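# Reading the structure
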Amino acid sequence: MPEASPAPGGRQGRPAVAAADLLTALRLPLAVAFVLRPEAETRLAILAVAAASDLADGWLARRIGGSRFGAFLDPVADRLFMAAAFAVVLFSGVLAWWEVLLVVLRDLLAALAFFVSLAGRRPRAIPARAGGKVVTLLQVVTLAAFVWQSRFLQPLAWATAAVGLYAIYDYARAVPTESRPLGA
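So, here is what we can say about the structure in this document. (Residues numbered from 1 in each chain as written. Predicted model: local features only at pLDDT ≥ 70, side-chain atom pairs only at ≥ 80, totals over all residues. Heavy atoms only, no water.)

### Remarks on the pattern of salt bridges
The test is simple: Basic side-chain nitrogens of Lys or Arg form a salt bridge, by our definition, when they fall within 4 Å of a carboxyl oxygen of Asp or Glu. Where helices and strands are cited, they refer to DSSP runs of H or I of at least four residues and of E of at least two residues respectively, numbered from the N terminus. Buried residues are those whose accessible area, probed at 1.4 Å on protein chains only, stays under 20% of the maximum for their type, while exposed residues exceed 50% and partly exposed ones sit between those limits.
Inspection of every chain in the model, using the stated rule, returns 9 salt bridges. Residue Arg27 pairs with Asp57 through a salt bridge whose shortest N-O separation is 3.0 Å. Residue Arg27 is found in helix H1 (residues 19-36), and its partner Asp57 is found in helix H2 (residues 40-63); the two are separated by 30 residues along the sequence. Between Arg37 and Glu39 there is a salt bridge, with its nearest N and O atoms 3.1 Å apart. The exposure class of Arg37 is partly exposed, given its relative accessible area of 39%. When its relative accessible area of 31% is taken as the criterion, Glu39 is described as partly exposed. Salt bridges sharing partners connect three or more residues here, namely Arg27, Asp54, Asp57, Asp74 and Asp78.

Following this line, the structure appears as structure tokens:
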């Protein structure tokens, strides 16, 4: 799920918690539910609700305004949901461990970069980019293919990995010019 994109314009005086944050926080119990509920229909519903909450929280944050907490929580919730869901894929054995790693590599590197910036006491955020949004979409489609036991699972995983590698490259190019202090 994409990185947080705060509302344009005045960033001063943002609330501690915004309506969008509630939708974002919904992905945390959904991540747990995806792991614990093995039924295909339930997992598809969980995946649909998680994807819808990601779209809706971004829309709300842009329309009504987001919070500093939401700017932090959104990418964390996105990555935790994807990590939990792809852990299920990994433990199922339908994809090799390195295929699953490639599918989530962009998320792992983004989390690592954030923690490095946090350790250096300069946490940074990069506005969502097209490549990252496409990776997120492909991750959701790949998870749906897993749940449906589709024969397209492996090709989708490879496509997701390829776009993920491009997104890593694109984000690395954007860091010097587009990153900003977290919550700014």
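### Details of the packing of aromatic side chains
Stated precisely, the cut-off is as follows: Put simply, two rings from Phe, Tyr or Trp (the six-membered ring, in Trp's case) pair if the centres are within 6.5 Å, and we call them stacked under 30 degrees between planes, edge-to-face over 60, tilted for the rest. Whether a charge lies above a ring is judged from NZ of Lys or CZ of Arg, which has to be within 6 Å of the ring centre and within 35 degrees of the ring normal.
As enumerated under the stated definition, the model contains 3 aromatic pairs in all. An angle of 70° between the planes, with centres 6.0 Å apart, marks the rings of Phe34 and Phe81 as edge-to-face. With Phe34 in helix H1 and Phe81 in helix H3 (residues 68-92), the pair connects residues that are 47 residues apart, well separated along the chain. Overall, the relative accessible area of 0% leaves Phe34 in the buried class. What makes Phe81 buried here is its relative accessible area of 0%. Both rings, one in Tyr166 and one in Tyr169, keep their centres 6.4 Å apart while their planes meet at 50°; by these two values the pair is tilted. Of this pair, Tyr166 and Tyr169 both sit in helix H6 (residues 153-178), 3 residues apart, which is roughly one turn of the helix. Tyr166 sits in the partly exposed class, given a relative accessible area of 42%. The ring of Phe34 carries the charged tip of Arg43 above its face, separated from the ring centre by 5.2 Å.

### Side note on H3
Quick reminder of the rule: By this rule, a helix spans an expected 1.5 Å times one less than how many residues it contains.
The end-to-end C-alpha distance of H3 is 37 Å, a good match for the 36 Å that 25 residues give at a rise of 1.5 Å each. Among the residues trailing H3, Gly93 stands out with phi positive, at a value near 80°.

### Some remarks on the environment of Ala162
Take Ala162: it is sitting in helix H6. C-alpha of Ala162 to C-alpha of Val135: the two residues are 27 residues apart in sequence and 9.0 Å apart in space.

### Looking at the nonpolar core
Note that soluble globular proteins tend to have their nonpolar side chains buried in a common cluster. Put simply, the rule reads: Put simply, a nonpolar core is a bunch of buried Ala, Val, Leu, Ile, Met, Phe, Trp, Tyr and Cys residues held in one set by side-chain atoms that sit within 4.5 Å of each other. Whether two residues touch is decided by their heavy atoms; if any such pair falls within 4.5 Å, the residues are in contact.
Residues Phe34, Phe81, Phe86, Val89 and Leu143 are the most contacted members of the largest nonpolar core, which totals 25 residues. At the level of elements, H1, H2, H3, helix H4 (97-119), helix H5 (130-148) and H6 are the ones that each hand at least two residues to this core. Of all the elements, H3 adds the most residues to this core, at 7 residues. If we skip the residues at most four places from it in the chain, Phe34 touches Arg43, Ile46, Phe81, Ala85, Val88 and Val147.

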